[in-house]
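Commentary on secondary and tertiary structure
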2 protein chains.
Amino acid sequence: MPRSTKFDRDKAIEIVMHKIWKDGFQSSSVKAISELLRITRSSFYNAFGDRETLFKEVFAHYSATTPLMNLMLVEQGETVKPVFTKTLRELCAIRANDSLHSGCLAMNGVAEIGGSDSELACFLQQQLALSNARAEELIRWALEGGELAADTNVEGLALAVTNLFVGLNIMSNVIKDEGQLWLAAKTTLQGLNLFAE
Amino acid sequence: MPRSTKFDRDKAIEIVMHKIWKDGFQSSSVKAISELLRITRSSFYNAFGDRETLFKEVFAHYSATTPLMNLMLVEQGETVKPVFTKTLRELCAIRANDSLHSGCLAMNGVAEIGGSDSELACFLQQQLALSNARAEELIRWALEGGELAADTNVEGLALAVTNLFVGLNIMSNVIKDEGQLWLAAKTTLQGLNLFAE
DNA sequence: ATATATTTGTACATATGTGTACAATATATG
DNA sequence: CATATATTGTACACATATGTACAAATATAT
């Protein structure tokens, strides 16, 4: 019967997430993480394989908890504009009131390692593309549901929404005032005819 | 009479800029940079002091060459919307066609180290705040010049513009198609009533 | 040739970090 | 107690990286 792990794997994922969110990827070495988790490097390799594998797992964990998940849960037929509005409202609140972290783990990652050709970078790029595709789908539903004019450029609007998300997530590294973040979001949403409270 | 340097300092700044743009800050060690410049670490420390000081100098150099400089050169009385439009048009073209780099050095930096309390992070944060203030000033001029309605929320519009810049600069790490980048920018500019070709 | 100021080079001591091999250990079961 | 199995621990060999001290080298003027 196998020996059981000395540490709680789910908890470790959480701890590592906070570490790379705070210090970035390059600064989160196997040695540093192992010390943080109070395990030897041997245990690290055994449990997680390598850094990239672990980071991907951390991202999956992170993705399940971001405001963007709201967009994933919408079903066709629901009103779309309030979903966008509420999601961004929430995103601004979370980013502004997060005293532990800065910005968004995923977008920070895109900026830090997005240019490299590592598997993790590809993974992050795919995530962004999926988000954009989802935004496009929602906008298409909004158009079909009469929330948007028939001549709306769905692709352009989706890219603008994606850009809005990305910008807010990065800008929140610097601007920590919820009112200002929300003002930027609201102004853009209104301009894009996606604001509805 | 002092000995002169063996290397061209301006050229060194340029080389270091490309290095950190490609590999990020943490990965650009004194050792790596010295090897890249083909100088000893002793010369590095003597010429540049330390990494942070050098990176700040690199940023000053970079700032002088980004499309955002267009906004700095506008004078009161000029028409503002075409300046925004042209600047963003140019930014999308540069980012899409840059095969050496990914994204924007400054915004990548904000994401990578923006959460830390280093001097460099503070420097980057100030740069972003200055950009936003400048956008606000231009928008105010546009309003006074009749390009924008008198009830325009200047602060909100400036924040939205800043967010647009930030988003594009990060998104361009992933989306390399100039048409798509420009579509996102154009859609947003039109929505914000700042588009004029 | 000499003085001078700056730059470059070398060595020292130390720190962080990596992958791997394999022994030691914890646990359930017969 | 013996056995099987997965986890933890330790050591090895190596790599990257840092700041500092100070000697050596160099360009220039006199």
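In what follows, the accompanying structure is described. (Residues numbered from 1 in each chain as written. Chains lettered and ligands numbered in written order. Predicted model: local features only at pLDDT ≥ 70, side-chain atom pairs only at ≥ 80, totals over all residues. Heavy atoms only, no water.)

Concerning the pattern of salt bridges
What counts here: Here, a salt bridge means any Lys or Arg side-chain nitrogen found within 4 Å of an Asp or Glu carboxyl oxygen. The secondary structure listing takes helices from DSSP runs of H or I that are at least 4 residues long and strands from runs of E that are at least 2 residues long, numbered from the N terminus. When accessible area is computed with a 1.4 Å probe and restricted to protein chains, residues below 20% of their type maximum are described as buried, those above 50% as exposed, and intermediate ones as partly exposed.
Under the counting rule described, the total for this entry stands at 16 salt bridges over all chains. Among the salt bridges present, the one from Lys 56 of chain B reaches Glu 119 of chain B, with a minimum N-O distance of 2.5 Å. Taken as a pair, Lys 56 of chain B in helix H4 (residues 51-63) and Glu 119 of chain B in helix H8 (residues 119-144) lie far apart in primary sequence, 63 residues in all. The class of Lys 56 of chain B is partly exposed, set by a relative accessible area of 24%. One salt bridge in this structure joins Arg 89 of chain B and Glu 197 of chain B, with 3.6 Å as the shortest N-O distance. Of this pair, Arg 89 of chain B sits in helix H6 (residues 81-97) while Glu 197 of chain B sits in the segment after helix H10 (178-191); the two residues are 108 residues apart in sequence, bridging distant segments of the chain. One connected set of salt bridges, linked through shared partners, spans Lys 19, Lys 22 and Asp 23 of chain A.

What about the packing of helix H10 (residues 178-191) of chain A against helix H9 (residues 154-171) of chain B?
Operational definition: To get an axis, a line is fitted to the C-alpha atoms, and for a helix only the part in contact is used. The angle between two axes follows their N-to-C directions and goes from 0 to 180 degrees. Our angle categories are set so that under 35 degrees counts as roughly parallel, over 145 as roughly antiparallel, 65 to 115 as roughly perpendicular, and the remainder as oblique. The contact definition used throughout considers only heavy atoms, calling two residues in contact when any of these lie within 4.5 Å. When residues are sorted by character, Ala, Val, Leu, Ile, Met, Phe, Trp, Tyr, Cys and Pro go into the nonpolar class, Asp, Glu, Lys and Arg into the charged class, and all the rest, Gly among them, into the polar class.
Direction vectors running N to C along H10 of chain A and H9 of chain B enclose 85°, while the axes themselves pass 8 Å from each other. One finds that H10 of chain A runs roughly perpendicular with respect to H9 of chain B. Here Gln 180, Leu 183, Ala 184, Thr 187 and Thr 188 of chain A of H10 of chain A come into contact with H9 of chain B, specifically with Glu 155, Gly 156, Leu 157, Leu 159, Ala 160 and Asn 163 of chain B. Among the residues making up the contact of H10 of chain A with H9 of chain B, the classes are represented as five nonpolar, five polar and one charged.

Re the nonpolar core
Applied cut-off: Nonpolar core, defined: a set of buried Ala, Val, Leu, Ile, Met, Phe, Trp, Tyr and Cys residues in which side-chain atoms within 4.5 Å join the residues together.
In this structure, Leu 54, Phe 59 and Leu 168 of chain A together with Phe 48, Leu 54, Phe 59 and Leu 168 of chain B are the most contacted members of the largest nonpolar core, which totals 135 residues. Leave out the neighbours within four places in its chain, and Leu 54 of chain A touches Ile 13, Val 16, Ile 33, Phe 44 and Phe 48 of chain A.

Some details on the environment of Ala 158 of chain A
The residue Ala 158 of chain A is located in helix H9 (residues 154-171) in this model. Note: C-alpha distance between Ala 158 of chain A and Arg 134 of chain A (24 residues apart in sequence) is 8.5 Å.

So, the relation of the copies chain A and chain B
Test applied: Our superposition of the copies is a least-squares fit, built on the C-alpha atoms of residues whose pLDDT is at least 70 in both.
The operation relating chain A to chain B is a screw motion whose rotation component is 180°, with 0.0 Å of axial translation and a residual RMSD of 0.1 Å. As the rotation angle and translation indicate, the two copies are arranged about a two-fold axis.

Remarks on the protein's contact with DNA strand C
Applied cut-off: Nearness of a residue to a molecule or strand requires only that one of the residue's heavy atoms be within 4 Å of it. Nitrogen and oxygen atoms within 3.5 Å of one another constitute a polar contact, given that in protein one can donate a hydrogen and the other can accept it, and given that sequence-neighbouring residues count only through two side-chain atoms.
Lining the immediate environment of DNA strand C, one finds 19 residues, of which Met 1 and Tyr 45 of chain A together with Met 1, Lys 6 and Ser 42 of chain B sit closest. Counting only the atoms of DNA strand C that lie within 4 Å of the protein, the sugar and phosphate share comes to 61%. Contact between DNA strand C and Ser 29 of chain A: a phosphate oxygen at 3.2 Å from a side-chain N or O atom of the residue. Take Val 30 of chain A: an N or O atom from its main chain is 3.1 Å from a phosphate oxygen of DNA strand C. Those elements that place two or more of their residues in the surface near DNA strand C are helix H2 (30-37) and helix H3 (41-48) of chain A together with helix H3 (41-48) of chain B. Taken together, the residues that form the surface near DNA strand C break down as six nonpolar, eight polar and five charged.

Overview of the protein's contact with DNA strand D
With respect to spatial proximity, 19 residues lie near DNA strand D, and among them Pro 2, Lys 6 and Ser 42 of chain A together with Met 1 and Tyr 45 of chain B are the closest. Within 4 Å of the protein, the atoms of DNA strand D are drawn from sugar and phosphate moieties in a proportion of 61%. A distance of 2.4 Å separates a base oxygen of DNA strand D from a polar atom in the side chain of Ser 42 of chain A. With respect to DNA strand D, the backbone of Lys 31 of chain B contributes an N or O atom lying 2.8 Å from a phosphate oxygen.

Quick notes on the packing of aromatic side chains
The description of two aromatic rings rests on the distance between their centres and on the angle between their planes. Residue and element names in this part refer to chain A. Keep this limit in mind: Two rings from Phe, Tyr or Trp (for Trp, the six-membered ring) form a pair when their centres are within 6.5 Å of each other. A pair whose planes differ by under 30 degrees is stacked, one over 60 is edge-to-face, and the rest are tilted.
Inspection of every chain in the model, using the stated rule, returns 16 aromatic pairs over all chains. With centroids separated by 6.3 Å and ring planes inclined at 45°, the aromatic side chains of Trp 182 and Phe 195 adopt a geometry described as tilted. Residue Trp 182 is located in helix H10, and its partner Phe 195 is located in the segment after H10; the two are separated by 13 residues in the primary sequence. Accessibility expressed as a relative area gives 22% for Phe 195, which makes it partly exposed. One aromatic cluster is present, formed by Phe 7, Phe 44, Tyr 45 and Phe 48 through successive ring pairs.

Digging into the interface of chain A and chain B
Short version of the rule: Accessible-area loss on putting two parts together, using a 1.4 Å probe and summing over both, is the definition of buried area adopted here.
Each partner contributes residues to the interface: chain A has 36 residues there, and chain B has 36 residues. For the pair chain A and chain B, the summed buried area comes to about 3000 Å², and 70% of that belongs to carbon and sulfur atoms. If you sort the residues of chain A by the area they bury against chain B, Leu 159, Asn 163 and Val 174 of chain A come out on top, with a joint share of 19%. Remark: the boundary between chain A and chain B carries zero salt bridges. Run the count over chain A and chain B and you get four residue pairs in polar contact (both at pLDDT 80 or more). Listing elements by their share of the side of chain A that touches chain B, those giving two or more residues are helix H7 (105-113), helix H8 (119-144), H9 and H10 of chain A. In terms of residues, the side of chain A that touches chain B owes the most to one element, H9 of chain A, which gives 13 residues. Along the lines of polarity and charge, the residues of the side of chain A that touches chain B split into 17 nonpolar, 17 polar and two charged.

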